[in-house]
Amino acid sequence: MNFFEFLVARSEDMLELGLGHAALVGAAVLIATVIGVLLGIATYRKEKPREAILAVCGAFLTVPSFALFVLLIGPLGLGWKPVLVALTMYGLLPIVRNTITGLREVDPAIVESALGMGMSRRQRLLRIELPLAWPVIITGVRVTTLVLLGIAAIGSIVLGPGYGEFIFTGLARVGTPVAVNLVLAGTLGVIVLAILFDLAFYLLRKITTSQGIR
Amino acid sequence: MTSPTNATSHDGRVMIRLEELTKKFPGQKQNAVDSLTLDIPEGDIVVLVGPSGCGKTTTMKMMNRIIEPSSGRIILDGEDVTSSDPDQLRRRIGYVIQQIGLFPHQSIGENVGTVPKLLGWDSKRISTRVDELLEMVNMEPSQFRNRYPKQLSGGQKQRVGVARALGADPDVMLMDEPFGAIDPITRDRLQNEFLRLQSEVRKTIVFVTHDIDEAIKMGDRIAILQDGSHIAQYDTPEQILTAPANDFVADFIGKGASLKRLNLSRVADIGLKQLPTVQLGTDREGVMAALRQTELSAVLVLDGEGRPLRWVGAEDLQRGGGRPLDELGLAPEAAVEARATLSDALNELITARYSITIVVDSRGVYQGVVDIDQINDAIRTMRSTAVAKARESLTDDSMAEQGRLP
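Residues numbered from 1 in each chain as written. Chains lettered and ligands numbered in written order. Predicted model: local features only at pLDDT ≥ 70, side-chain atom pairs only at ≥ 80, totals over all residues. Heavy atoms only, no water.

Caption draft 1: A look at unusual backbone geometry. All names here are of chain B. The backbone phi angle of Ile 100 is positive, close to 70°, even though this residue is not glycine. Position of Ile 100 among the secondary structure elements: in the loop between β6 (93-97) and α3 (108-112). The phi torsion at Asp 169 lies on the positive side, around 55°, for a residue other than glycine. Here Asp 169 is to be found in the loop between α7 (154-165) and β7 (172-176). A relative accessible area of 46% places Asp 169 in the partly exposed class. (Helix = DSSP H or I, 4+ residues; strand = E, 2+ residues; numbered from the N terminus. Buried < 20%, exposed > 50% of the residue type's maximum accessible area, 1.4 Å probe, protein only.)

Caption draft 2: Region of interest: the side chain of Thr242(B). Residue and element names in this part refer to chain B. With respect to the element layout, Thr 242 can be found in helix α10 (residues 237-242). For Thr 242, a relative accessible area of 15% gives the class buried. Side-chain polar atoms of Thr 242 contact the backbone oxygen of Glu 238, separated by 2.5 Å. (Polar contact = N/O pair within 3.5 Å; in protein donor to acceptor, adjacent residues only side chain to side chain.)

Caption draft 3: Region of the structure containing the confidence of the model for chain B. Residue and element names in this part refer to chain B. Summary statistics for chain B give a mean pLDDT of 87 and a share of 92% for residues scoring 70 or more. Contacts from residues 1-10, a stretch scored under 50 in pLDDT, to residues over four places away or in other chains number 11 contacts. When the criterion is pLDDT under 50, residues 397-406 qualifies, and its contacts beyond four places in sequence or with other chains add up to six contacts. (pLDDT = per-residue confidence, 0-100. Contact = heavy atoms within 4.5 Å.)

Caption draft 4: Inspection of the side chain of Thr145(A) at higher detail. Residues and elements named next belong to chain A. Looking at where Thr 145 falls in the secondary structure, it is placed in helix α7 (residues 121-154). Within polar-contact distance, the side chain of Thr 145 engages the backbone oxygen of Val 141 at 2.7 Å. With near-sequence residues (within four places) excluded, Thr 145 lies in contact with Val 25, Val 29, Phe 197 and Phe 201.

Caption draft 5: Representation of the domain arrangement of chain B within the structure. All names here are of chain B. What the domain assignment lists for chain B is domain 1 (14-254) and domain 2 (268-376). Taking the mean C-alpha position of each, domain 1 and domain 2 sit 38 Å from one another. At the interface, six residues of domain 1 touch seven residues of domain 2. Between domain 1 and domain 2, a total of about 480 Å² is buried, with carbon and sulfur atoms accounting for 43% of that surface. (Domains from an automatic or database assignment. Buried area = accessible area lost by both parts, 1.4 Å probe.)

Caption draft 6: Here's a closer look at α7(B). Taking 1.5 Å per residue, 12 residues should reach 16 Å; α7(B) reaches 17 Å between its end C-alpha atoms and fits that length. Taken across its 12 residues, α7(B) has nine buried, putting it largely inside the fold. (Expected span 1.5 Å × (residues − 1).)

Caption draft 7: The arrangement of the interface of chain A and chain B in detail. Listed per partner, the contact involves 21 residues of chain A and 24 residues of chain B. Here chain A packs against chain B, burying approximately 2,000 Å² in sum over the two surfaces, 63% of which is carbon and sulfur. Along the contact surface separating chain A from chain B lie one salt bridge. Note that Glu112(A) is salt-bridged to Lys61(B), the shortest N-O span being 3.0 Å. Our enumeration of links across chain A and chain B arrives at 10 residue pairs in polar contact (both at pLDDT 80 or more). Counting only elements with at least two residues in the side of chain A that touches chain B, the list comes to α6 (108-116) and α7 of chain A. With seven residues, the top contributor of residues to the side of chain A that touches chain B is α6(A). Across the side of chain A that touches chain B, the residue classes tally to 10 nonpolar, eight polar and three charged. (Salt bridge = Lys/Arg side-chain N within 4 Å of Asp/Glu carboxyl O. Nonpolar A, V, L, I, M, F, W, Y, C, P; charged D, E, K, R; others polar.)

Caption draft 8: Structural context of a nonpolar patch on the surface. Residue and element names in this part refer to chain A. On the surface, a nonpolar cluster with roughly 460 Å² of combined accessible area is contributed by Leu 30, Ile 31, Val 34, Ile 35 and Leu 38. With respect to the helices, strands and loops of the structure, Leu 30 is situated in helix α2 (residues 11-43). On the basis of relative accessibility, which here comes to 61%, the residue Leu 30 falls in the exposed class. (Patch = residues over 30% accessible without salt bridge, like charges linked within 9 Å, V, L, I, M, F, W, Y side chains within 5 Å. Areas by Shrake-Rupley, 256 points an atom, 1.4 Å probe, with all protein chains shown as cover.)

Caption draft 9: The arrangement of the packing of α7(A) against helix α9 (residues 177-208) of chain A in detail. All names here are of chain A. At a minimum axis separation of 10 Å, α7 and α9 run at an interaxial angle of 170°. One element, α7, and the other, α9, form an angle in the roughly antiparallel class. Pair α7 / α9 crosses with right-handed handedness. Residue-level contacts link Trp 134, Pro 135, Ile 138, Thr 139, Val 141, Arg 142, Thr 145, Leu 146, Leu 149, Gly 150 and Ala 153 of α7 to Val 190, Leu 193, Ala 194, Phe 197, Asp 198, Phe 201, Leu 204, Arg 205 and Thr 208 of α9. (Axes fitted to C-alpha atoms, helices over the stretch in contact; angles between N-to-C directions. Parallel < 35°, antiparallel > 145°, perpendicular 65-115°, else oblique. Left-handed = near helix turned anticlockwise from the far one by under 90°.)

Caption draft 10: The arrangement of the sheet that holds strand β2 (residues 33-41) of chain B in detail. Residue and element names in this part refer to chain B. Strand order in the open sheet made by the four strands is β2-β1-β4-β5, with antiparallel pairing throughout. At either margin of the open sheet sits one strand with a lone partner, and together these are β2 and β5 (79-80). Packing of helix α1 (residues 56-63) onto the sheet brings it into contact with β1 (14-23), β2 and β4 (71-76), and relative to β1 it is tilted by some 120°. (Pairing = 2+ DSSP bridges.)

Take a look at the structure:
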């Protein structure tokens with residue numbers, strides 16, 4: 001059975017695993033975006049909290065994913081839960097960092113004129129600073145998504161959903177003819193998802209960014 | 001002056017009063033602004049001018065409390081606003097800064113409508129007001145309303161900045177070097193436009209600059225500030241040029257005070273010279289007759305509306321055969337309006353072909369010309385007045401010591 005025949009034969013599995021993979025990463029990105037943007041907003045104006053939060057989010061990324069998944073089995077059991085939590089933790093750094101960078105890069109003269117016209121702190125943030133920082137923030141979200149798509153595959157070690165299942169099954173059968181096909185199919189699935197997500201973000205960024213700063 | 005409500009005209013009524021206003025920044029030994037007391041009369045442009053670091057910008061930013069004072073009081077239109085809600089206060093005060101700070105992600109219309117929107121106006125009233133404001137600053141609403149700031153030139157951005165500051169028709173405008181980042185030619189034009197606008201809207205304006213020439217041109221009153229925002233002299237431009245209160249002021253004005261006075265006189269203040277002109281469509285004989293009368297080698301052709309069109313000389317007439325007048329000769333240089341200063345007129349004159357400056361009204365209709373002799377006369381008159389005044393102040397120096405402003 002060559003690779004294409006294999007893909008056709010397992011097309012239903014491919015689709016199902018793909019949906020699971022995408023849903024898991026999508027949920028993790030969403031949660032990481034909400035938490036990350038809020039953390040960014042809370043810390044961007046003061047140096048010490050800013051440095052602290054970036055250090056913590058950076059530290060998350062240094063924990064080997066394999067180890068983190070296994071460590072989370074204790075409190076959360078097997079399945080999608082430990083994977084979702086781990087992915088959220090890994091996804092924070094690019095989003096927090098880009099939120100802070102984006103907000104800090106807003107021209108101070110623009111913020112001062114908003115202040116001078118009588119906008120409250122909240123109005124300045126929502127009407128001026130966040131819309132101007134948005135292209136930078138969404139770029140961070142995009143990076144997070146690509147990173148998480150890869151890490152999510154390893155989540156299958158704790159029985160999380162996604163293409164990791166093919167890859168780990170293939171690993172378990174190294175030496176048999178189907179092993180290579182399984183690993184290739186899992187990898188291809190992740191790559192296709194990455195391309196689709198990237199396209200979606202490209203469109204989202206285009207639609208949600210004001211014409212004036214494009 | 002003590003009761004701001006009983007004044008009938010803008011004369012003498014105080015719009016902003018600063019009382020012993022002081023700002024000390026943390027970690028600095030000296031006060032950035034040190035116990036400044038200053039009255040800003042209603043409807044005037046008051047220019048705060050001084051060397052960099054003198055505290056003029058800090059002083060201005062305390063008026064809308066972008067910088068909070070360390071002590072002292074700010075009275076706006078009779079009301080103590082030193083500790084009122086700063087956001088509410090700022091919506092009553094127009095604010096223009098050097099970098100302008102338009103919101104790049106919002107259209108020009110949205111930018112100009114910022115304060116009305118904050119005040120909760122309905123969208124129809126906002127869009128009417130936005131169009132009105134854009135027209136006020138000479139920008140065609142239908143053309144510019146939906147553009148974005150990045151599509152505008154520096155001068156256009158500056159106009160939008162002024163329109164935005166006028167958003168909800170505030171009584172007071174604060175302007176921090178509003179023309180500072182603009183090339184000199186555009187700056188002159190914008191200054192003149194702004195003065196014309198101000199003659200219509202009559203706002204109380206506090207204007208910060210480091211440029212004494214700009215201060216003389218723009219100010220009804222000028223406060224020359226030293227370190228710590230100490231007032232070296234607070235007076236009309238005429239008085240400051242004629243009778244500097246001390247060496248600091250004299251130094252700051254610098255050399256060439258008589259040339260600077262050219263910034264004080266408007267073209268409208270001196271009689272315009274009339275030269276023979278011809279209407280478009282005048283026949284050859286008529287043009288020749290005009291050419292014989294004029295002292296120049298060419299005569300100005302006006303279009304049907306009376307706007308300058310071409311300079312046509314005798315040679316052009318011969319070479320041109322029977323062609324219409326608007327295809328002969330040379331296009332006239334830029335003209336100035338009657339509100340322009342003599343300094344503007346002199347600038348035009350130096351580069352002009354026939355050593356005269358054409359003066360037009362706001363619709364571009366020809367009014368007359370200014371030549372070098374008239375400007376010379378104006379300088380001479382101003383200088384002799386200044387000398388006379390200086391003599392006067394010399395003789396009653398003993399009394400003047402106590403009486404000197406502020």
